[in-house]
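Structural features, examined
Single-letter residue listing:
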Amino acid sequence: MHSSLLEIPEQINTETQTKWKAIHMALVVEAVDLKKTYMLGKIPVEALRGVNLKVESGDFLAILGPSGSGKSTMLNLIGALDKPTAGKMLIEGVDISTLNDNQLADLRLRIGFVFQFFNLIPRLTAKDNIELSMSIANVSRAERRKRAEELLETVGLKERMDHKPAELSGGQQQRVAIARALANNPRFLLMDEPTGNIDSKTANEVIALIKRLNEKKGVTIVMVTHDQHLAREAKRIVQMFDGVISSDVVN
Amino acid sequence: MKTRDVFGYSFSAIRLRKLRAGLTTLGVVIGIAAIVALLSITQGLQNTITGELQKGLATDTLIVTVGGGALGGAQGDGGGFGGGFGGGGDSDFKLLINDTQTIMDLSPGNITATLAIIQRSGNISSTETNRTTTIVGVDFAEYKRIYSSTFVAESGEIPDTPENDTVVIGKRVTDPRLNGTTLFSAGDTVTIVWANSSVRPPKIENYTARVAAVLEEVGGFGFGGPSDTSIYIPTIQAQGFFDTDQCDTIVVKLVNSDESTINYVTEKIEKSEEFAGEVSVISSTAVVELLQSIISLVSLFLVGIAAISLLVAGIGIMNIMIVSLIERTREIGILKALGMKSRTVLLIFLSESVIIGVIGGAIGIGLGWVLANVVAVLFSGGGPFGGVGGGQGAGAGAAMNITPVLTPVVILGAFGFGIGVSVIFALYPAWRASKLKPVEALRYE
């Protein structure tokens, strides 16, 4: 469906291609000397100053850091929402700098975003929100309906599927958002402070769900947070500080 | 994203802001309704006028009058209509009764008959009543032949070889309001009066005549042919009564109504040595065409004004779309993060305007049609047009029955125009929405 993601440089011969695939397909995200400079008015701000990072399939990674450390910028780049100033951001081996707008959009179909503020469409029901992301991917109506219900069951909200976001608690909204992120079978979930906007009790439900997805279903998760407590749940913790990775440890 | 899903999504966005979308749509409704109403009324008006004209016209006839100008004033009594055109001229040229033969000789192969018409304003009176009218002197037999469908007796009989004191009267002379009044009827003895102002002092001439027939109603505009407000006397009698050997109009009947024949004879007469550019020739077809083109022009002008209102509606759409775009910046960011292409974002915004255009267009066409019918009823009720007739004589112009006409072309055109305007004005906001950067759009509060 998204052949661009599987493209391998043509000059490589078949034998090497197989190896290349074996190495790179397992690598979901790879940042190579990644740099990003913003212009804040007329002042250049170096948000990323040479980041190297690899995320393998099945990983559960937490990127931890105080505000201003560059973790949000990192999130935007991993999510193919933005392009780096220098260096490479490879998603499944594809350098996002080489992609045009349409290709980036197609790439984002394969990334499951979960936002701090849920970002559900308020006028749509839980089920319709999940279906929306599938309709963007041209999934047929019948299949959308079936899959949306399955996903809501997975996140434990099947009986709430006809509720609008305003009628759901923060934790429930975030679970709907996670279901939506999973709808198009993404290569990885990319989460931005997934519990940052919900109370600690329901946050635990969300954390449990995330862990279960990773452990039971093998979903690769990249989570950006400044919450130490949440980061501790991950398999691997990457600390960022001042635009570089200051530590990268297996939990 | 599939088209159906795009529309479904847009529709959910519109439904959320019903009042706003409703008001925006109202702009389109008003514009389209105005265009449709005006077009169907003018089309109906055109049909009515053309129909009325053709009733009193024979398409295979030409009308020759004095004057080099454009439209000569054929028979000045056409419900006050014909009287308005040029006529006269400054030269001393006179059209004579026996010029009919001259014309006949110009192109005998193409002309089957020629007829001189002499006419004056005058009065017809009985012991009970006295009415102003137009006295027309014609050869009854020829006139009957040329205007076989309109110079027809409703009561009495039109003789081919009339007595000198025979008179045939138009329907509205005896029944001015067409309400069943009978001021004169066949067999009555009447007095015909004419004031000869060419002598000093003006002299009142009169003679006693006998009504042979009352004509059937001709319709609003008798042009060249018989009119409801005139009376008809034999040529010989008119010549003597008006003391003249001149005529006002010569009607030329052609072998057919082909354009080539009409043009050939017209040119032959206008360029002939005998008339040396002193006469003008009008074909009935030309009159109808001229009127039609005038109506078309007026209609175009009116529709142009209506189109401006639609343009205003378009600006309304643009305005509301920009507001909506700003409000929905974050939503656009979400959609893009979910993998929606810029092109699809563009389509979502455009499809919202298409929905507004379609709904506005459909309601507008319906409303326009209702408006057109309401206006038509007001017109037909003897309203504004009832008074136009006036003119000379008894002619109070007919109240016109306008039947609004809504052609498929108008429906499709108005519909297309409505949607077109909506889409064009949505292009800019939609384009801006599609160009939003996902990172910035997501950060937007």
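In this report, the structure presented in the accompanying data block is examined. (Residues numbered from 1 in each chain as written. Chains lettered and ligands numbered in written order. Predicted model: local features only at pLDDT ≥ 70, side-chain atom pairs only at ≥ 80, totals over all residues. Heavy atoms only, no water.)

1. Remarks on the overall build of chain A
What counts here: By the criteria applied, helices consist of DSSP H or I runs no shorter than four residues and strands consist of E runs no shorter than two, each listed in order from the N terminus. Only the C-alpha atoms count toward the radius of gyration. The rule for a globule is 2.2 Å times the residue count to the power 0.38. Only heavy atoms enter the contact rule, under which two residues are in contact if any of them lie within 4.5 Å. Computed by Shrake-Rupley with a 1.4 Å probe, the accessible areas treat only the displayed protein chains as cover when residues are assessed.
Of the regular secondary structure elements, chain A holds eight helices and 10 strands. Over its C-alpha trace chain A gives a radius of gyration of 18 Å, about what one expects of a compact globule, namely 18 Å for 251 residues. A principal-axis box enclosing the C-alpha atoms of chain A has dimensions of 50 × 40 × 40 Å. In chain A, of all internal contacts separated by at least 6 residues, the share reaching a separation of at least 24 is 68%. In the form shown here, chain A has an accessible surface area of approximately 11500 Å², with 49% of it arising from carbon and sulfur atoms.

2. What about the sheet that holds strand E5 (residues 94-95) of chain A?
Residues and elements named next belong to chain A. Test applied: Between any two strands, pairing holds if DSSP finds at least two bridges.
Pairing within the open sheet is antiparallel, and its four strands lie in the order E2-E1-E4-E5. Looking at the sheet topology across the chains shown, the edges are occupied by strand E2 (43-56) and E5. Note that strand E1 (residues 27-40) and E2 share 11 bridges and pair antiparallel. Across the sheet, valine 29 pairs through a bridge with valine 55, a residue of E2.

3. Some details on the packing of aromatic side chains
Definition in use: Two aromatic rings from Phe, Tyr or Trp, using only the six-membered ring of Trp, form a pair when their centres are within 6.5 Å; if the ring planes differ by under 30 degrees the pair is stacked, by over 60 it is edge-to-face, and anything between is tilted. Three exposure classes are used, based on accessible area relative to the maximum for each residue type with a 1.4 Å probe and protein chains only: buried under 20%, partly exposed in between, and exposed over 50%. We call a charge positioned over a ring when the NZ of a Lys or the CZ of an Arg lies within 6 Å of the ring centre and within 35 degrees of the ring normal.
Going through the model one piece at a time under the given rule, you end up with 11 aromatic pairs over all chains. For the pair B:Tyr143 and B:Phe151, a centre-to-centre distance of 4.7 Å together with 70° between the ring planes defines the contact as edge-to-face. Accessibility expressed as a relative area gives 2% for B:Phe151, which makes it buried. Aromatic side chains B:Phe241 and B:Phe242 sit 5.4 Å apart centroid to centroid with 40° between the ring planes, which places their arrangement in the tilted category. Just as B:Phe241 is buried, B:Phe242 falls in that class too. Lying across the ring of B:Tyr9, A:Arg123 places its NZ or CZ 4.7 Å from the centre. For the cation-ring pair, B:Arg120 lies above B:Phe242, with the distance from its terminal atom to the ring centre recorded as 5.3 Å.

4. Considerations on the packing of helix H6 (residues 170-182) of chain A against helix H7 (residues 200-217) of chain A
How two helices pack is summed up by the angle between their axes together with the distance between the axes. All names here are of chain A. Rule in force here: What counts as an axis is a line fitted to C-alpha atoms, over the stretch in contact for a helix, and the angles between N-to-C directions run from 0 to 180 degrees. Roughly parallel means an angle under 35 degrees; roughly antiparallel, over 145; roughly perpendicular, 65 to 115; everything else is oblique. Each crossing is labelled by how the near helix is turned from the far one, with a counterclockwise turn of less than a right angle marking it left-handed and a clockwise turn marking it right-handed. Three classes are used, and their members are as follows: Ala, Val, Leu, Ile, Met, Phe, Trp, Tyr, Cys and Pro are nonpolar, Asp, Glu, Lys and Arg are charged, and the others, Gly among them, are polar.
Look at H6 against H7: their axes get within 9 Å of each other, and the N-to-C directions meet at 20°. When the interaxial angle is binned, H6 and H7 end up roughly parallel. Between H6 and H7 the crossing geometry is right-handed. Counting all contacts with H6, which are made through Gly171, Gln174, Arg175, Ile178 and Leu182, the residues of H7 involved are Thr202, Glu205, Val206, Leu209, Ile210 and Leu213. A breakdown of the residues in the contact of H6 with H7 according to their chemical character gives six nonpolar, three polar and two charged.

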